[in-house]
Amino acid sequence: MVFGYREPEQSDEAYSGTELLQLVLAGKSADGEMTVFSGVAFDAEKEYAYLLYFPVNVSKVTMYVNGERRKHYAEVMLKNISYMEKLVDDLKLTYQLENGMIPIHGRIRSLPVS
């Protein structure tokens, strides 16, 4: 099953295992015009692979830092990870709402006995 949201024209409808592996390893679209980040998200019962396309060339940088700077960068990364998780949750909610799926989060509560 494939879901897409604002996917670029260069993205494919489906990928073979080999194509997906090449895309993940290269980190770029086949034409080299877009940067691609990939990952896996887990649900209670399923596992989803995702691809995020960026219409710019994003470079990977290796930095060497001391203990104090490492702590600072770790805090920045955790903040950005939290922000990305919220964006992915918003994307899932947008998809559900646009497709008439009403997200319901049930809770079990004890009712007071009189």
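Residues numbered from 1 in each chain as written. Predicted model: local features only at pLDDT ≥ 70, side-chain atom pairs only at ≥ 80, totals over all residues. Heavy atoms only, no water.

Caption draft 1: Geometry of a nonpolar patch on the surface. Taken together, the side chains of Phe-37, Val-56 and Val-58 make up a nonpolar region of the molecular surface, amounting to roughly 220 Å² of accessible area. The topology assignment puts Val-58 in the loop between β2 (47–54) and α2 (67–98). (Patch = residues over 30% accessible without salt bridge, like charges linked within 9 Å, V, L, I, M, F, W, Y side chains within 5 Å. Areas by Shrake-Rupley, 256 points an atom, 1.4 Å probe, with all protein chains shown as cover. Salt bridge = Lys/Arg side-chain N within 4 Å of Asp/Glu carboxyl O. Helix = DSSP H or I, 4+ residues; strand = E, 2+ residues; numbered from the N terminus.)

Caption draft 2: The arrangement of the side chain of Thr-35 in detail. Structurally, the position occupied by Thr-35 is in strand β1 (residues 35–42). In contact with Thr-35, not counting residues within four places along its chain, are Gly-27, Lys-28, Leu-52, Tyr-53, Phe-54, Val-56, Asn-57 and Val-58. (Contact = heavy atoms within 4.5 Å.)

Caption draft 3: Inspection of a negative patch on the surface at higher detail. Judged by side-chain charge, Glu-7, Asp-12, Glu-13 and Glu-19 come together as a negatively charged surface patch. By the secondary structure assignment, Glu-13 is in the segment before α1 (17–26). (Lys, Arg positive; Asp, Glu negative; His and termini not counted. Charge placed at Lys NZ, Arg CZ, Asp CG, Glu CD.)

Caption draft 4: Focus on the layout of surface pockets. Taken as a whole, the largest pocket holds about 1900 Å³ of empty space. Residue lining of the largest pocket: 42 residues in total, with Phe-3, Gly-4, Tyr-50, Leu-51 and Leu-91 positioned closest to the centre. Sorting the residues of the lining of the largest pocket by element identifies α1, β1, β2 and α2 as the ones contributing at least two each. At nine residues, α2 tops the list of elements feeding residues into the lining of the largest pocket. Partitioned by chemical class, the residues of the lining of the largest pocket number 27 nonpolar, six polar and nine charged. (1 Å grid on protein atoms, 1.4 Å probe; cavity = no way out; pocket = protein on both sides within 12 Å on 5 of 7 lines; lining within 4 Å. Points joined across faces, edges and corners; volume = space filled by probe spheres on them. Nonpolar A, V, L, I, M, F, W, Y, C, P; charged D, E, K, R; others polar.)

Caption draft 5: Representation of the packing of aromatic side chains within the structure. Taken as a whole, this structure holds one aromatic pair when the rule is applied. Centre to centre, the rings of Phe-37 and Phe-54 are 5.4 Å apart; their planes meet at 75°, and the pair counts as edge-to-face. Here the residue Phe-37 occupies a position in strand β1, and Phe-54 occupies one in strand β2, the gap between them amounting to 17 residues. (Phe/Tyr/Trp six-rings, centres within 6.5 Å; stacked < 30°, edge-to-face > 60°.)

Caption draft 6: How the structure looks around the pattern of salt bridges. Per the stated rule, a full pass over the model turns up one salt bridge. Between Lys-92 and Asp-89 there is a salt bridge, and its shortest N-O distance comes to 3.6 Å. In this pair, Lys-92 and Asp-89 are both assigned in helix α2, three residues apart and thus about one turn of the helix distant.

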